[in-house]
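# Observations on chain architecture
One-letter residues, chain by chain:
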Amino acid sequence: MAQRTSFTQRIVTELAPHIPPLACCRRALIEGMRATSDIPSTVATNRLIAARAALQALHAEAVPAHVERVATARRATYRLRGIDLTQLPASSARPCCTRSRVRGAMLASGRLVRPEQEPHLEIGCGAQAGAVLIASDLATLGVTAVVRRRRNRWLVTVRSTSQVGAALSSIGAQSGRLEFEAGRVMREVRATVNRRLNAETANLRRTASAGVHQLEAIRSLAADSARWGRLPEALREAATLRERHPGDDLSALAARAGCSRSAMAGRLRRLLSAAEGPSASVKQLRTQSTPRGRRRT
């Protein structure tokens, strides 16, 4: 069974074949790759496809270079040593060179989490100067990035949904941007559904708990015929409806009684108060059980 490629691999695969058409941009691409390397003035990456992209950019300007494979304990590293960038025109401050430099850094050591997870773009650099350079280029492209150190590496991180999307668009990963946006929509829908489910679960839990307490209060009152007989008719009706329909919510009970939801809630609260003790007088219960705006006859 074929192993599913990661989101990062798909982004790198999309970017690698597109070698910049201008010589200054090709130099910027190599500069971005060198900014992520642990070895000064050397392109070093764990991705063979990125090393090939660097080789194509150099060969397009007849700059001699070759890829050296170095086996390590964890994974192989591909290095391009002795690159003479003076044979290429200097990179400029134009947006095309800035995008190429960030693209090169992304090819060499960029990583993104899956689109359905919280957004996180990360570019690892061997030195602080390289991380600051890439973060500055991202800022020029309108993307806010943070430089921080983790263990022996400097990281350029982008963690905003809109900023990660803008970064992908700026370096030419349009298919990756569409996949990222699709994952963002799925993430938001899932979060909305979870919030609603949690709210409904909490409401059901509160309704069930209130229903249990109300039934206990009603049974306590029904066991004392004197107290039951002193209850206003509206409260006895509410108690009877609650006993007959223990699973109903307030709206359903109110509809059965022909009153408003707030009126039914008040009657059930007064039943609980009456069951707790004689603190609420019969006169008070009768007065409170009369709906506002209606005279008792």
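Cut-offs and rules
Residues numbered from 1 in each chain as written. Predicted model: local features only at pLDDT ≥ 70, side-chain atom pairs only at ≥ 80, totals over all residues. Heavy atoms only, no water. Helix = DSSP H or I, 4+ residues; strand = E, 2+ residues; numbered from the N terminus. Rg over C-alpha atoms; globule rule 2.2 N^0.38 Å. Contact = heavy atoms within 4.5 Å. Areas by Shrake-Rupley, 256 points an atom, 1.4 Å probe, with all protein chains shown as cover. Lys, Arg positive; Asp, Glu negative; His and termini not counted. Charge placed at Lys NZ, Arg CZ, Asp CG, Glu CD. Pairing = 2+ DSSP bridges. Axes fitted to C-alpha atoms, helices over the stretch in contact; angles between N-to-C directions. pLDDT = per-residue confidence, 0-100. Patch = residues over 30% accessible without salt bridge, like charges linked within 9 Å, V, L, I, M, F, W, Y side chains within 5 Å. Salt bridge = Lys/Arg side-chain N within 4 Å of Asp/Glu carboxyl O. Buried < 20%, exposed > 50% of the residue type's maximum accessible area, 1.4 Å probe, protein only. Core = buried A, V, L, I, M, F, W, Y, C linked by side-chain atoms within 4.5 Å.

## Quick look at the overall build of the protein chain
Along its length, the protein chain carries twelve helices and seven strands. Relative to the 2.2 N^0.38 estimate, which gives 19 Å for 297 residues, the radius of gyration of the protein chain is 35 Å and therefore markedly larger than a compact globule would have. Along the first, second and third principal axes, the C-alpha set of the protein chain runs to 105 × 40 × 35 Å. Of all intrachain contacts in the protein chain linking residues separated by at least 6 positions in sequence, the fraction that spans at least 24 positions is 65%. With the model as given, the accessible surface of the protein chain reaches about 16,600 Å², and the carbon-plus-sulfur share is 51%. Computed over 49 positive and 22 negative side-chain charges, the separation of the two mean positions in the protein chain equals 2 Å.

## What about the sheet that holds strand β7 (residues 153-158)?
Read across the open sheet, the four strands follow the order β4-β5-β7-β6; overall the sheet is antiparallel. Across the chains shown, the open sheet's two edge strands, defined by having one partner strand only, are β4 (110-112) and β6 (146-150). Strand-to-strand twist across the sheet, computed as the mean angle between neighbouring axes with direction ignored, equals 30 degrees. Looking at chain direction, strand β5 (residues 121-125) and β7 are connected through five bridges and run antiparallel. In the sheet register, Glu122 faces β7, and the bridge partner there is Thr157.

## Digging into the confidence of the model for the protein chain
A low pLDDT means the predicted coordinates there should not be read in detail. Counting all residues, the mean pLDDT for the protein chain is 85, and 92% of those residues have values of 70 or more. Contacts of residues 279-297 to residues separated by more than four positions or lying in other chains number 20 contacts, the stretch itself having pLDDT below 50.

## Quick notes on a nonpolar patch on the surface
Side chains of Val185, Val189, Val193 and Leu197 sit close together on the surface and give an oily, nonpolar patch of about 320 Å² of accessible area. One can find Val185 in helix α7 (residues 174-223).

## Observations concerning the environment of Glu216
Turning to its location among the elements, Glu216 is positioned in helix α7. On the basis of relative accessible area, Glu216 is assigned to the partly exposed category, the value being 48%. Taking C-alpha positions, Glu216 is 8.7 Å from Ala275, a pair spaced 59 residues apart along the chain.

## Things to note about the nonpolar core
Residues Leu58, Leu80 and Leu107 are the most contacted members of the largest nonpolar core, which totals 49 residues. The dominant element in this core, judged by the number of residues it contributes, is helix α3 (residues 48-59), at seven residues. Not counting residues up to four positions away in its chain, the partners in contact with Leu80 are Thr42, Val43, Ala51, Ala54, Leu55, Leu58, Ala65, His66 and Val67. Counting residues in each nonpolar core, the second largest holds 17 residues, with Ala217, Ala238, Ala254 and Ala274 among its members.

## Quick word on the pairing of strand β2 (residues 67-70)
The pairing of β2 with strand β3 (residues 77-80) spans four bridges and is antiparallel. Within β3, the position partnered with Arg69 by the bridge is Tyr78. Connecting β2 to the next strand, β3, in antiparallel fashion are six residues.

## A look at the pairing of β5
For β5, the buried fraction is high: five of the five residues fall into the buried class. The alternating pattern of β5 places Leu121, Ile123 and Cys125 on one face and Glu122 and Gly124 on the opposite face, and all of these are buried. Of the strand pairs in this sheet, β4 and β5 are connected by three bridges, and their pairing is antiparallel. Bridging from a neighbouring strand, Leu112 pairs with Leu121 of β5.

## A few points about helix α6 (residues 161-170)
Along α6, the residues that are buried comprise Gln163, Val164, Gly165, Ala167, Leu168 and Ser170. At the exit of α6 stands Gly172, carrying a positive phi of roughly 90 degrees.

## Structural notes on the sheet that holds β3
An order of β1-β3-β2 is seen for the three strands of this open sheet, with the pairing classed as antiparallel. If you trace the sheet from one side to the other, it starts and ends with β1 (43-45) and β2, each paired once. Mean inter-strand twist for the sheet, computed between neighbouring axes without regard to direction, equals 20 degrees. Running at roughly 10 degrees to β3, α3 makes contact with β1, β2 and β3 of the sheet.

## Looking at unusual backbone geometry
One non-glycine residue with positive phi stands out, namely Ala62, at about 60 degrees. With respect to the helices and strands, the residue Ala62 is situated in the loop between α3 and β2. On the basis of relative accessible area, Ala62 is assigned to the exposed category, the value being 61%.

## A closer look at the pattern of salt bridges
Enumeration over the complete set of coordinates arrives at 13 salt bridges. Between Glu116 and Arg114 there is a salt bridge, and its shortest N-O distance comes to 3.0 Å. Residue class for Glu116 comes out partly exposed when judged on its relative accessible area of 29%. Residue Arg114 is classed as partly exposed on the basis of its relative accessible area of 42%. Across the pair Arg177 and Glu181 runs a salt bridge whose closest N-O atoms are separated by 2.9 Å. Here Arg177 and its partner Glu181 are both found in helix α7, four residues apart, which amounts to about one turn of the helix.

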